[in-house]
Amino acid sequence: MRQAKYYVVFFIIIIISIFLRFCLLQNQSLWYDEGWSLALSDGTSVQENLFNIINREAGDKYQPLYYLVLFYWRSAFGDSEFAIRALSALLGVGSVITIFFTSLRIYGKNHALWSSMLLAVSSFSVFYSQDARPYTLLIFIVSIQIYLFSYSINKNKSNERNKIVPQVLFGIFTAIGSFGSILTVIFSLSLSLSHIIVYRKFKEWLQWWIPPIVFSSPMIWFYLSSSAASDPTATTVTRSGLPIVQNIMFVIYGILVGTSYGPPLEQLRNDEKINVLLSYWPHFLIFIIAMTIIFIALIKSLSRHRQRKRYQQADYLFISLIITSFFLTFLFAVATKINWLPRHSFYLCIPVFILIPSAFLHNYQPYKKVDITSKVTKLATVALVIMNVYANFQYYSNPAYAKDDYRSAVRYLLEHRDKSAKSILFFGQPRLLQYYGDSSTIDASEYILKTVKGKNLAEKASTMTKNADTIFVIINREFYWKFKDVFKTEMSDLYKLEEEVDWPYMKIYRFTRKK
């Protein structure tokens, strides 16, 4: 009966994870980055898609696996918003299942239920499980890596006789991860370093890490021979204008409670961001208190002498993995000057949610002694679960947390643009306009504008639209656009601004030519 109770709870956790990841999956429009997922999986063959990926000098070049998997997925299930995102949702559920069996193998049933529940409701995981981007696939691969690696942690006679199988599979999935992203290589390197630091068995370390090195060598060679290896800033990515300390705080916060727990990011892009942050002080206070309790309890648990060394060594391994991977990603962010966001440290959610239950489980106090710390820490962990549930509710129901609304922008264009009017996309993703049914808008992205004659944006727009009297100008994520400060001034040379409409991260300006 006790066995059945555990698996009933696990079944409920899986149902929760399925509900959260598939609920309202197609409710929001595809956004800018998802447009690149479409564009890089649009080819008629794997070879064509791989060619397009490798020849794109941007971050996508170094995470090709997802786009090739998406190509096959789209071929099988179609191009609807639900179908495109369902791949990520399914992989998100797979990660919850994998983390359960990993924790079960290493720590036992109670720990496994807590870890899987934390990942099941994780706002960070849910968001990317509803996003047609590589991160949920990469999280799933990382979870498989750790599960296979758990055979080196949980040792018994049967494991010793059959360890060659998980070692080979571990090597294969590590190689698949290296094909998935250069960031997964950072994670694998961190796991390798943590393995030798904690267990200090060189022969065993070689047995586990020779297969991954051999299998991953083609992708490692590809990364090292690329232009980014000699000049890390050569690749086109979003650069950070923030102090690195702010990025570090945002990564930790984002992994633990997602980006819809506190203020919407859009509200933090203006001069009032300090006041906005202060208005959310109750949210941050609860978060800080809960995480401080968990952190202190973890330190206390890790420093306590235990009779079961296997549990303690596993805790040391995961804390070392978290610290090492975080530090290596920090170095990567400094070298590449990338805008370091929680998604660039996607792999942290697996070891973090595996480790957190150790703050109140496996303390091995005397039977009659009441451990107040464990009870308080358990309450703090419950608070963390509630914070993530709240963040998920905000993501589903609050328009302030919506993604780029290309769907509404195209609907507006189709309803208001007559045959004599023209529309121009100055900054955004043309593939998404086509996806939602607009095949007439002119792509005027920066590299195209350079080839058009004209002293300013007004003259270039006039040339591209063949002197149309009415022009609809579409701009996505205007805060990133290099012409945002001079746009209206330059357009006023030839045009009068008649109307300005906006949706989340999307703006459309309607201009008429001056008489």
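In this report, we go over the structure that sits alongside the text. Predicted, not measured: the structure shown is a model, and the values here were computed from it. (Residues numbered from 1 in each chain as written. Predicted model: local features only at pLDDT ≥ 70, side-chain atom pairs only at ≥ 80, totals over all residues. Heavy atoms only, no water.)

## Quick look at the overall build of the protein chain
Operational definition: Numbering of helices and strands runs from the N terminus, with a helix taken as a DSSP run of H or I at least four residues long and a strand as a DSSP run of E at least two residues long. The quantity called the radius of gyration is restricted to C-alpha atoms. Its globule counterpart is 2.2 Å times the number of residues to the power 0.38. Working definition: with a 1.4 Å probe on protein chains only, accessible area under 20% of the residue-type maximum means buried, over 50% means exposed, and in between means partly exposed.
Of regular secondary structure, the protein chain possesses 24 helices and five strands. Over its C-alpha trace the protein chain gives a radius of gyration of 25 Å, about what one expects of a compact globule, namely 24 Å for 515 residues. C-alpha atoms of the protein chain, sized along the principal axes, occupy 90 × 50 × 40 Å. Buried residues in the protein chain amount to 53% of all 515 residues.

## A closer look at the pattern of salt bridges
Applicable threshold: Within this document, salt bridges are pairs made up of a side-chain nitrogen of Lys or Arg and a carboxyl oxygen of Asp or Glu, the two lying within 4 Å of each other.
Enumeration according to the criterion identifies 16 salt bridges in this entry. Note that Arg74 is salt-bridged to Asp79, the shortest N-O span being 2.7 Å. You can call Asp79 partly exposed: its relative accessible area is 36%. Through salt bridges with shared partners, one network takes in Asp42, Arg74, Asp79 and Arg431.

## A few points about a nonpolar patch on the surface
Convention followed: Each patch is built from residues lacking any salt bridge and having more than 30% relative accessible area; the joining distance is 9 Å for like charges and 5 Å for nonpolar side chains (Val, Leu, Ile, Met, Phe, Trp, Tyr). Residue-level accessible areas treat just the shown protein chains as cover; the underlying method is Shrake-Rupley with a 1.4 Å probe.
Together, Ile164, Val165, Val168, Leu169, Ile172, Ile176, Ile210, Val214 and Phe215 give the surface a local cluster of nonpolar side chains, amounting to about 720 Å² of exposed area. A per-element tally of the nonpolar patch places helix α10 (residues 164–180) first, with six residues. Relative to the helices and strands, Ile210 resides in helix α12 (residues 202–225).

## Quick word on the environment of Gly78
In this fold, Gly78 is placed in the loop between α4 (65–77) and α5 (81–106). C-alpha separation for the pair Gly78 and Trp36, spaced 42 residues apart in sequence, amounts to 17 Å.

## A closer look at the sheet that holds strand β5 (residues 506–513)
As a reminder, the rule being used: Two strands qualify as a pair provided DSSP detects at least 2 bridges between them.
Across the sheet, five strands lie side by side as β2-β1-β3-β5-β4; this open sheet has mixed pairing. The open sheet is flanked by β2 (442–443) and β4 (495–503), the only strands paired with a single partner. Direction of pairing for strand β3 (residues 470–476) relative to β5: antiparallel, over a ladder of seven bridges. The residue of β5 that forms the bridge with Thr470 is Thr512.

## Regarding empty space enclosed by the protein
As a reminder of what qualifies: Definitions used throughout: a 1 Å grid over protein atoms alone; a cavity as a set of points that fits a 1.4 Å probe which cannot get out; a pocket as an open set with protein on both sides within 12 Å along at least five of seven lines; a lining residue as one with an atom within 4 Å of a point. Grid points are joined across faces, edges and corners, and a volume is the space filled by probe spheres set on the points.
In total, this model carries one cavity of 30 Å³ or more according to the counting rule given. Here the largest cavity defines a volume of roughly 50 Å³. Residue lining of the largest cavity: Leu24, Leu25, Asn27, Gln28, Arg85, Gln130, Tyr395 and Tyr396, and that is the complete set.

## Considering unusual backbone geometry
For Lys466, which is not glycine, the phi dihedral falls at a positive 60°. Residue class for Lys466 comes out exposed when judged on its relative accessible area of 74%. One non-glycine residue, Asn467, lies in positive phi territory at about 60°. As for its position among the elements, Asn467 is in the loop between α23 (457–464) and β3.

## With respect to α23
Heads up, the rule is: Between N or O atoms, a polar contact is any pair within 3.5 Å; within protein, one atom must be a potential hydrogen donor and the other a potential acceptor, and residues adjacent in sequence are included only when both atoms are from side chains.
Burial analysis of α23 places six of its eight residues in the buried class, which makes it a mostly covered element. Those residues of α23 lying buried are Leu457, Ala458, Lys460, Ala461, Ser462 and Met464. Of the residues that open α23, the one with a side-chain oxygen 3.2 Å from the backbone nitrogen of Ala458 is Asn456. Remark: Lys466 follows α23 within two positions and exhibits a positive phi of approximately 60°.

## Some thoughts on the pairing of β5
Judged from the eight bridges that link them, β4 and β5 form a sheet pairing that is antiparallel. Of the residues in β5, the one forming a bridge with Glu500 is Tyr509. What sits between the antiparallel neighbours β4 and β5 is a turn of two residues, in which Tyr505 has the positive phi angle 65°.

## Considerations on the packing of aromatic side chains
Defined as follows: Each pair of aromatic rings taken from Phe, Tyr and Trp, with Trp reduced to its six-membered ring, is defined by centres within 6.5 Å and is described as stacked if the planes are under 30 degrees apart, edge-to-face if over 60, and tilted in the remaining cases. Geometrically, a charge over a ring is one whose NZ (Lys) or CZ (Arg) sits within 6 Å of the ring centre while staying within 35 degrees of the ring normal.
Here the structure, examined in full by the defined rule, presents 48 aromatic pairs. Here the aromatic rings of Tyr62 and Tyr223 are separated by 6.1 Å at their centres, their planes lie at 45°, and the arrangement is tilted. With a gap of 161 residues between them, Tyr62 in the loop between α3 (46–54) and α4 and Tyr223 in helix α12 connect regions that are remote in the sequence. Tyr223 matches Tyr62 in its accessibility class, with the two residues each being buried. Taken together, a centroid distance of 6.4 Å and an interplanar angle of 55° make the contact between Phe330 and Trp340 tilted. Pair noted here: Phe330 is in helix α17 (residues 309–336) and Trp340 is in the loop between α17 and α18 (349–355), with a separation of ten residues, a long-range link. Classification of Phe330 as partly exposed rests on a relative accessible area of 24%. The rings of Phe124, Phe127, Tyr128, Tyr135, Phe187, Phe346, Tyr347, Tyr395 and Tyr396 are connected pair by pair, giving a single aromatic cluster. One Lys or Arg, Lys5, reaches over the ring of Tyr6 and ends 5.4 Å from the middle of that ring. Over the ring of Tyr151 we find Arg105; its NZ or CZ atom is 3.8 Å from the centre of that ring.

It is worth stressing that arrangement in space is one thing and function is another; only the former is reported here.
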